[in-house]
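Architecture and fold: a report
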Amino acid sequence: MLRSSRPGPRLRSPRRAGNRRLDHFVDRNDQFWAAITAVLLRVLPWCLLLYIALVVHAIVQSSHWPFALSADARLVELTLDASSLTQWDISKATLCRHDLLPEDTSIYEKIDDIAVIRRRCGTPRRWHAYRPASENGAAAELTARIGGNGQPRSHGATVRLSTLADGRLLVRIAPFSTQPADGVAIQTAGQTPLTLNGDVVLVWPTAQTQNMSLIFPYTAALRIGQDVTTSRHELLEAGHIAVYSASDDTAGGRSVVDSIELLEGDSVQIASSLGETEAEALPRGFVRITAEQMASTWPQMKVVAFGLSNQVRIERYGDAGLDFQPSMWARLTHDSWVVIATLVLFGSLSALATLAEAVRLIRRTNLRP
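Keep in mind it's a predicted model, so treat the numbers as computed, not measured.

Rules used throughout
Residues numbered from 1 in each chain as written. Predicted model: local features only at pLDDT ≥ 70, side-chain atom pairs only at ≥ 80, totals over all residues. Heavy atoms only, no water. Disulfide = S-S within 2.5 Å. Helix = DSSP H or I, 4+ residues; strand = E, 2+ residues; numbered from the N terminus. Buried < 20%, exposed > 50% of the residue type's maximum accessible area, 1.4 Å probe, protein only. pLDDT = per-residue confidence, 0-100. Contact = heavy atoms within 4.5 Å. Pairing = 2+ DSSP bridges. Axes fitted to C-alpha atoms, helices over the stretch in contact; angles between N-to-C directions. Phe/Tyr/Trp six-rings, centres within 6.5 Å; stacked < 30°, edge-to-face > 60°. Core = buried A, V, L, I, M, F, W, Y, C linked by side-chain atoms within 4.5 Å.

Points about the state of the cysteines
In this structure the tally under the stated criterion is 1 disulfide. Here C96 connects covalently by a disulfide to C121, the sulfurs 1.9 Å from one another. A torsion of -75 degrees about the S-S bond marks the disulfide between C96 and C121 as left-handed. Residue C96 is located in strand β4 (residues 94–97), and its partner C121 is located in the loop between α2 (114–120) and β6 (128–132); the two are separated by 25 residues in the primary sequence. Its relative accessible area of 13% is what places C121 among the buried residues.

Some details on the confidence of the model for the chain
Scored by pLDDT, the chain comes out at a mean of 75, with 68% of its residues at no less than 70. A low-confidence stretch, residues 11–26 (pLDDT under 50), is modelled with 8 contacts involving residues beyond four sequence positions or located in other chains. Contacts from residues 274–279, a stretch scored under 50 in pLDDT, to residues over four places away or in other chains number 12 contacts.

Observations concerning the sheet that holds strand β9 (residues 143–146)
The sheet built from 4 strands is open, its strands ordered β3-β9-β12-β13 with antiparallel pairing. Edge positions in the sheet fall to β3 (86–89) and β13 (194–196), since each of these pairs with one other strand and no more. The average undirected angle you get between the axes of adjacent strands in this sheet is 25 degrees. Taken together, the 3 bridges between β9 and strand β12 (residues 184–187) define a ladder with antiparallel strand orientation. By the bridge assignment, R145 is partnered in β12 with A185.

Looking at the packing of aromatic side chains
Using the criterion set out here, one finds 2 aromatic pairs in the structure. Their ring planes at 80 degrees and their centres at 5.2 Å tell us that W88 and F216 sit as a pair that is edge-to-face. Of the two residues, W88 is situated in strand β3 and F216 in strand β15 (residues 214–224); the sequence distance between them amounts to 128 residues. According to the relative accessible area criterion, W88 is buried, its value standing at 2%.

Examining the nonpolar core
Formed by 55 residues in total, the largest nonpolar core has its most connected members in L69, L78, Y108 and V171. For this core, the leading source of residues is β15, giving 6 residues. When residues no more than four places from it in sequence are discounted, the contact partners of L69 are I224, H240, I241, L262, V268, I270, V303, V304 and A305. Core analysis: the second largest hydrophobic core is formed by 11 residues, C96, C121, L170 and V203 among them.

The structure is reproduced here in structure tokens:
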């Protein structure tokens, strides 16, 4: 009987010789990755809910981002806070009063020339004009002090700065309180301060200010420009407002979130929005008028303000007004927590998809005969 030299079929061993990866190791590995995948799938819905809540919070929250304003106008109204000190140089200004100053005042000299009074203050029947007293042939250097007495905001003052068509600059200071301690203190070196109650009107004549610049720093709520009517001509001419956010990508540490160009005739109102008793929440800035501007027929003032974006309101002719707030997209893209959460979430989704695919390939390998 002949025997076939062809070998019979060989049975496949469940374990290959020299194979370092045994079945029980493969099973444990599968169980480990499957457990991790199951935990991530359970945690993922909660992460999505947390991410949605974070996005909604970034959209609806009040944006306290800093803004910067620069505008050219002929009328600025300030509401000064009594708790913060405001000091202005009024050495070249003419003081106009309805009432006479005390006779023992040594820092002012009365002007008796009716033509000068009419040219600087108005009709002589209503106004008394005073110039700074001379010291060694030169006018005294006077400083007007407003506030700084620690009183609440109700003891502040309203200041109206306006330029007139004849080239004069007029500043009217109206304290809220009639108490003597809440008036405007005018002082000079070596002299007793003169405290004035009621309205104080200061006028800078063109002839005396052509070779000097005037600057008025402030910490106050303010209004720039006025509503457009046929009888009002002290309008805002032009301006620009920009809102900034903290940024690590720029040298200055800030980046522009949004901006808007102001149009001629706009009226901008900037007020505190963090509490009426918090002086630090008030906008800060200055009003400046240069010698070149004073030499023009009807000078304009440069107004600069810094504050928080939710304090700005713009009133435009024919419009109900708009609050200058960054757009929804700008809030999301400039919120650091939203950006970080977005990167982490989408990175986790990508890693989870890769892990699920790896587990699926491992299971297919184990099921092969």
